[in-house]
Amino acid sequence: MATTNNVTELILLGFSPNQDVQKTISVMFLLMYTAIVLGNGLIVVTIMGNKGLTSPMYFFLGYLSFVEICYCSVTAPKLILDSFIERKIISLKGCITQIFFLHFFGGTEIFLLTVMAYDRYVAICKPLHYTVIMNRRACGLLVGAAWGGGLLHSVGQTFLISQLPFCGPKVLDHYFCDVHPVLKLACSDTFLIGVLIIANGGSISVISFTVLLASYVVILHALSTQTSEGRRKALSTCASHVAVVGLFFIPCSFVYMRPCVTLPADKIVAVFYTVVTPLLNPIIYSFRNAEVKNAMRRLIGRKVIW
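This structure is a prediction, so every number in the text was calculated from the model and none was measured.

K.L.:
Could you give me a rundown of the overall build of the protein chain, with the residues and numbers involved?
P.N.:
Helix and strand counts for the protein chain come out as eleven helices and three strands. Along the first, second and third principal axes, the C-alpha set of the protein chain runs to 65 × 45 × 30 Å. Looking at the protein chain as a whole, 49% of its 306 residues are labelled buried. For the protein chain, contacts bridging at least 24 residues in sequence account for 81% of all contacts bridging at least 6. Working note: accessible area of the protein chain is about 14700 Å², and carbon and sulfur atoms make up 70% of it.

K.L.:
Lay out the packing of helix 6 (residues 136-162) against helix 8 (residues 191-222) in plain terms, naming residues and giving numbers.
P.N.:
Orientation of helix 6 relative to helix 8, taken along the N-to-C sense of each, is 170 degrees, at an axis distance of 10 Å. The orientation of helix 6 relative to helix 8 falls into the category roughly antiparallel. Residues H153, G156, Q157, L160 and I161 of helix 6 lie in contact with helix 8, whose contacting residues are I193, L196, I197, N200, G201 and I204.

K.L.:
I'd like a rundown of the UniProt feature "transmembrane region" (unreviewed entry) in the protein chain, residues and numbers included.
P.N.:
Here the UniProt feature "transmembrane region" (unreviewed entry) sits at residues 25-45, 57-76, 96-118, 138-156, 191-222, 234-256 and 268-287. Spanning residues 96-118, this segment combines 100% helix with 0% strand, and its end C-alpha atoms are found 33 Å apart. With 100% helix and 0% strand, the stretch residues 138-156 has end C-alpha atoms that lie 27 Å from each other.

K.L.:
Any details on helix 10 (residues 266-286)? Residues and values, ideally.
P.N.:
With 21 residues, helix 10 should reach 30 Å at 1.5 Å per residue; the first-to-last C-alpha distance of 29 Å fits that figure. The largest bend in helix 10 comes to about 40 degrees, at V276, with the proline P278 one to four residues further on.

K.L.:
How would you summarise the packing of helix 1 (residues 19-49) against helix 10 if you had to cite specific residues and measurements?
P.N.:
Each pair of packed helices can be described by the angle between their axes along with the distance between the axes. Axis separation between helix 1 and helix 10 bottoms out at 9 Å; the angle between their running directions is 40 degrees. The orientation of helix 1 with respect to helix 10, classified from their angle, is oblique. When the axes of helix 1 and helix 10 are compared, the crossing they make is left-handed. The segment helix 1 lies against helix 10, with F29, M32, A35, I36, G39, N40 and I43 engaging V271, V275, P278, L279, N281, P282 and S286.

K.L.:
Give a description of the pattern of salt bridges that names residues and reports values.
P.N.:
By the definition in use, this model includes three salt bridges. The partner of D82 in a salt bridge is K78, and the shortest N-O contact between them spans 3.2 Å. Linking D82 with K78, this pair stays in helix 3 (residues 76-82), spanning four residues, or about one helical turn. Taking relative accessible area as the criterion, K78 reaches 21% and is therefore assigned partly exposed. Ionic pairing is found between R120 and D119, a salt bridge with its closest N-O pair at 3.0 Å. The two residues R120 and D119 agree in class, both being buried.

K.L.:
Give a description of the state of the cysteines that names residues and reports values.
P.N.:
The full count for this structure, using the stated rule, is two disulfides. Between C95 and C177 runs a disulfide, and the two sulfur atoms are separated by 2.1 Å. Sign of the S-S torsion, about -120 degrees for the bond between C95 and C177, identifies this disulfide as left-handed. Of this pair, C95 sits in helix 4 (residues 92-125) while C177 sits in the loop between strand 3 (171-172) and helix 7 (179-183); the two residues are 82 residues apart in sequence, bridging distant segments of the chain. C177 shares its class with C95; the two are buried. Each sulfur in the disulfide pair C167 and C187 lies 2.1 Å from the other.

K.L.:
Any chance you could break down helix 2 (residues 56-73) for me, citing the residues and the numbers?
P.N.:
In this model helix 2 runs 26 Å from its N-terminal to its C-terminal C-alpha over 18 residues, within 8% of the 26 Å that 1.5 Å per residue would give. With 14 of 18 residues buried, helix 2 is to be regarded as a mostly interior element.

K.L.:
Outline the nonpolar core, listing residues and values.
P.N.:
Core analysis: the largest hydrophobic core is formed by 86 residues, its most contacted members being F29, I161 and Y273. Among the elements that take part in this core, helix 4 stands out by supplying 15 residues, more than any other. Residues within four places of Y273 in sequence aside, it is in contact with Y71, F176, D178, F248, P251, C252, V255, Y256 and P278.

K.L.:
Which residues make up the environment of M134, and what values go with them?
P.N.:
Among the secondary structure elements, M134 is positioned in the loop between helix 5 (130-133) and helix 6. For M134, a relative accessible area of 5% corresponds to the buried category. Sequence separation between M134 and A123 is eleven residues, and the spatial gap between their C-alpha atoms is 8.8 Å.

The rules behind these values
Residues numbered from 1 in each chain as written. Predicted model: local features only at pLDDT ≥ 70, side-chain atom pairs only at ≥ 80, totals over all residues. Heavy atoms only, no water. Helix = DSSP H or I, 4+ residues; strand = E, 2+ residues; numbered from the N terminus. Buried < 20%, exposed > 50% of the residue type's maximum accessible area, 1.4 Å probe, protein only. Contact = heavy atoms within 4.5 Å. Areas by Shrake-Rupley, 256 points an atom, 1.4 Å probe, with all protein chains shown as cover. Axes fitted to C-alpha atoms, helices over the stretch in contact; angles between N-to-C directions. Parallel < 35°, antiparallel > 145°, perpendicular 65-115°, else oblique. UniProt positions renumbered as here; feature names shortened; annotations may be inferred. Expected span 1.5 Å × (residues − 1). Bend = angle between axes of the 7 residues up to and from the residue. Left-handed = near helix turned anticlockwise from the far one by under 90°. Salt bridge = Lys/Arg side-chain N within 4 Å of Asp/Glu carboxyl O. Disulfide = S-S within 2.5 Å. Core = buried A, V, L, I, M, F, W, Y, C linked by side-chain atoms within 4.5 Å.

In structure tokens form, the structure reads like this:
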């Protein structure tokens, strides 16, 4: 398909045409983005700086927190800065780059959540073999596979979008660039590429979500043989994982597992998987965890003494 482009830049409409409303929303995003960077950053630093948090669960959590910071940073800073600019413009190349990183970090997060579910499955269902199965080399390979899977998914989505010609209009009814809103601006038949985009994103979501559900079903069945104390701890950990999975997968499924059309609710739904999930990750995963909280207190105490 020829990629003759008369469009070199796109105009982002944001959340509202009212500049005062847009500024209010941007202040909220600034507060949430600051909390995301500080909260997830604290988790990363705590896990890296504490020799007691060496289990695979914390190894994966550290990477998940790092990915959350990167994922939110793809969209939030530009929205915040755009509130001070009358015309919210992004170049076409910049738009495609944003799509690439959005799906790279989003895909990596999906695979990391799947890896973390597998880790809990091994820990609860095969406790005697846990240290053998989840050794450091295996954990490194699983994290590498998550990054590689995210990269392949992102390259696929970006390649499909980059094949389209854009000759007008150039107004994007969103606050960041994503495949469906951009697809709507193409001046050619997008049916086949739309199907391929859904197949790429949808297959990852369906397969990962199926693996996640299967893991937790097996875990719940295995918990019937545990002691009441062991069952309580395992349920607490799994409940945290399921909460994050639900907050991330349900909005993503709403946006990416349907025909390539844009809906008015898409902007609000996008906030959940790009901002709300990274914001709640430290609370759900870590601040309810006694080991992590104690490690954070020791880390902050050392910094204060220094």
